[in-house]
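# Per-entry structural report
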Amino acid sequence: KMSELFEIADELTVFRDGKYIATVAAQDVTRDQIIKMMVGREITDMFPKIDCEIGETILEVRNLTLPGVFADVSFALRRGEILGVAGLVGSGRSNVAEAVFGVRPATSGHILIDGMEVDIKSPPVAMRHGMAFLTEDRKETGCFLNLDCIENIQVALLSSGKVDNRGFVNQREVNRLAEEFCAKLRVK
């Protein structure tokens, strides 16, 4: 909450990647200067437009319904697009995302991936179809806060079925994949 910094603080200290960057008087810096210290570079264009080729439809939802929550939701997502779903709190936008991923499966409607209809009744089924879900409230529903980062990644790997070997967990493979994902995602 950057705007609150200048309302309540007399002095600001910035750390980046666990290293001390600077301590400054709040009245002597601007919001942009603080952001530059935080990210290590000038932010000139926060959300630059990047031209990319729009391809074929990869995900289509037709008349998805969860009675009492949402009804007849339809949309199509094409390769190269970013689809945003917006609405006020309580409007059902989160419920639609959860239904598509199988957290709370819809009672009617159709989900197509690459033109083929799929029956997504649970998150593991969605994951087998190449889907992932980023919850809007990571603290409440996205992480096990009593576990460290590697253990949280391991939980996701175990539920994906990628490391199950005839009913046994290959701990070496779980650790290897967790470390690989930490590196790919630049987890600190």
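Residue positions are counted from 1 within each chain, in the order its sequence is given. Residue-level local features of this predicted model are given only where pLDDT is at least 70; pairs of side-chain atoms are given and counted only at 80 or more, and the full residue set underlies all totals for whole chains, interfaces and linings. For the side-chain quantities, the full set of heavy atoms in the structure was used; hydrogens and water were omitted.

### A closer look at the nonpolar core
Among buried residues, those of type Ala, Val, Leu, Ile, Met, Phe, Trp, Tyr and Cys that are joined through side-chain atoms within 4.5 Å constitute a nonpolar core. Accessible area is worked out with a 1.4 Å probe on protein chains only. A residue is then buried under 20% of its type maximum, exposed over 50%, and partly exposed in between. If you look at the biggest cluster of nonpolar residues, it comprises 19 residues, and the most contacted ones within it are L64, V100, I120 and M131. Helix and strand assignments come from DSSP, with helices taken as H or I runs of at least 4 residues and strands as E runs of at least 2, each series counted from the N terminus. Residue assignment for this core shows that the elements contributing at least two residues are strand 3 (57-66), strand 4 (70-78), helix 3 (93-101), strand 5 (108-113) and helix 4 (123-128). By definition in these notes, contact holds between two residues if any of their heavy atoms fall within 4.5 Å. In this structure, I120 is in contact with V100, F101, G102, P105, I111, I113, V125, A126 and M131, ignoring residues within four places of it in sequence. With 10 residues, the next largest nonpolar core counts M2, A22, A26 and I35 among its residues.

### Focus on the sheet that holds strand 5
Pairing is antiparallel in the open sheet, where 4 strands are placed in the order 4-3-5-6. Since the sheet does not close on itself, it has two edges, and those belong to strand 4 and strand 6 (116-118), each with one partner. Averaged over neighbouring strand pairs, the angle between their axes works out to 20° when direction is ignored. In this description, strands pair whenever DSSP reports at least two bridges between them. Direction of pairing for strand 3 relative to strand 4: antiparallel, over a ladder of 6 bridges. Note on strand 4: the bridge partner recorded for L66 is F70. Comment: axis = line fitted to C-alpha atoms, over the contacting stretch for helices; angle = value between 0 and 180 degrees taken between N-to-C directions.

### What to know about the environment of S3
If you trace the backbone, S3 turns up in helix 1 (residues 2-8). A residue is classified by how much of its surface remains accessible, and S3, at 54% relative accessible area, is exposed. Measuring from C-alpha to C-alpha, the distance between S3 and R31 comes to 7.9 Å, with 28 residues separating the pair along the chain.

### Re the packing of aromatic side chains
Each aromatic pair joins two rings of Phe, Tyr and Trp (for Trp, the six-membered one) with centres within 6.5 Å, and gets the label stacked for planes under 30 degrees apart, edge-to-face for over 60, and tilted for any other angle. Per the stated rule, a full pass over the model turns up 2 aromatic pairs. Pairing F15 with Y20 gives two aromatic rings, centres 5.9 Å apart and planes at 75°, and the pair type is edge-to-face. Seen in terms of ring centroids, F101 and F133 are 5.4 Å apart; in terms of plane orientation they differ by 20°. Their pairing is stacked. Of this pair, F101 sits in helix 3 while F133 sits in the loop between helix 4 and helix 5 (138-142), and the two are 32 residues apart along the sequence. We classify F101 as buried; its relative accessible area is 8%. Two limits define a charge over a ring: the Lys NZ or Arg CZ must be within 6 Å of the ring centre, and within 35 degrees of the ring normal. Between K184 and the ring centre of F181, over which it is positioned, the NZ or CZ distance is 5.7 Å.

### What to know about the environment of L59
With respect to the secondary-structure elements, L59 resides in strand 3. Separated by 58 residues in the primary sequence, L59 and E117 have C-alpha atoms spaced 9.7 Å apart.

### Notes on unusual backbone geometry
Within the chain, D114 stands out as a residue other than glycine whose phi angle is a positive 50°. Within the secondary structure, D114 is located in the loop between strand 5 and strand 6. At R186, a position not held by glycine, the phi torsion is positive, near 50°. Turning to its location among the elements, R186 is positioned in the segment after helix 7 (171-184).

### Observations concerning the side chain of N152
Tracing the backbone through its elements, the reader meets N152 in helix 6 (residues 149-160). By relative accessible area, N152 is classed as buried at 18%. The definition of a polar contact used here is a pair of N or O atoms within 3.5 Å, where within protein one atom must be able to donate a hydrogen and the other to accept one, and adjacent residues in sequence count solely through side-chain atom pairs. At 2.7 Å, the side chain of N152 and the backbone nitrogen of F144 are in polar contact. Those residues in contact with N152 that lie beyond four places of it in its chain are C143, F144 and L147.

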